[in-house]
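Examination of the molecular architecture
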Amino acid sequence: MHIDDGYGTASMSECLKLDHSLRETIKLKEFELHQISSSYQHLKRVRTITEEGTLIRPNEKYIDRMVKVLELEATNAVSTLMAGPSKEELGADELLDNADDITLYRSAVGLALYVALDRTDLRNAVRVLSSYMKEPTKLRLMQAKRLGRYLKGALDYAVLIPF
């Protein structure tokens, strides 16, 4: 039998008892105990143990890569995610006709999909953007860039899984 990962929460003494009990009955390759204020990476996500629970943040390298893909390094961060398009913008929206822009859009949205797994604040915006993967538009590329600028200013956001 192969068990890949397991998580649990208990006092350190209870964790050590479990560790001892498991080692008596099965062979463990690795058994790592994390204490409050420790951070570690698991499944490419940063996890930090706090008094309240576990904070889970996406790996910043995916946000950095999205900012670079969209060429937003020199832009300022924004504090809001996406504004809905006006009727004029929707009416004037055109399909992207440049293959490089289409690839850029799809790469940025692909990275955003990964980051949104752990960021509930992004999910609706990423859902809308991902619905245009087949035929991206100029308006949606502008919104993807806005999402990238938002992420630049919101690197520390995390999901708390309470104990």
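This text goes with the structure placed above it.
Just so we're clear, the structure is a prediction, and the values are computed from it rather than from any experiment. (Residues numbered from 1 in each chain as written. Predicted model: local features only at pLDDT ≥ 70, side-chain atom pairs only at ≥ 80, totals over all residues. Heavy atoms only, no water.)

**Brief notes about the pattern of salt bridges**
Where charged atoms of side chains with opposite charge meet at close range, the side chains can pair. Summed over all chains, the structure comprises five salt bridges. With a closest N to O distance of 2.3 Å, D118 and R45 form a salt bridge. Of this pair, D118 sits in the loop between helix 4 (99-116) and helix 5 (123-130) while R45 sits in strand 2 (residues 45-49), and the two are 73 residues apart along the sequence. (Salt bridge = Lys/Arg side-chain N within 4 Å of Asp/Glu carboxyl O. Helix = DSSP H or I, 4+ residues; strand = E, 2+ residues; numbered from the N terminus.)

**Thoughts on the pairing of strand 2**
Each regular strand carries side chains that alternate between the two faces of the sheet. Most of strand 2 sits inside the fold, with five of its five residues counted as buried. One ladder, built from four bridges, connects strand 1 (residues 39-42) with strand 2; its direction is antiparallel. Across the sheet, residue Y40 finds its bridge partner in strand 2, namely R47. From the end of strand 1 to the start of strand 2, which pair antiparallel, there are two residues, and L43 there has a positive phi angle of about 50 degrees. In this sheet, strand 3 (residues 53-58) lies alongside strand 2 in antiparallel orientation, the contact comprising five bridges. Residue pairing for strand 3: R45 is matched across the bridge by P58. Count of turn residues in the strand 2/strand 3 antiparallel hairpin: three residues. (Buried < 20%, exposed > 50% of the residue type's maximum accessible area, 1.4 Å probe, protein only. Pairing = 2+ DSSP bridges.)

**As for unusual backbone geometry**
Excluding glycine, residues mostly have negative phi values, and the peptide bonds linking residues are mostly trans. Of note in this structure, S37 is not a glycine but carries a positive phi near 80 degrees. Position of S37 among the secondary structure elements: in the loop between helix 1 (12-25) and strand 1. Judged by relative accessible area, S37 falls into the exposed class, the value being 62%.

**Some words on helix 4**
Compared with an ideal rise of 1.5 Å per residue, which puts 18 residues at 26 Å, helix 4 spans 25 Å between its outermost C-alpha atoms and is within 8% of the ideal. Considered for burial, the residues of helix 4 that qualify are I102, L104, Y105, A108, V109, L111, A112, Y114, V115 and A116. In this structure, the buried side of helix 4 is in contact with strand 2, strand 3, helix 2 (60-69), helix 5 and helix 6 (138-152). Between a side-chain oxygen at the N-terminus of helix 4 and the backbone nitrogen of D100 the separation is 2.7 Å; the capping residue is N98. (Expected span 1.5 Å × (residues − 1). Contact = heavy atoms within 4.5 Å. Polar contact = N/O pair within 3.5 Å; in protein donor to acceptor, adjacent residues only side chain to side chain.)

In short, the description is geometric, and any link to function would need to be established separately.
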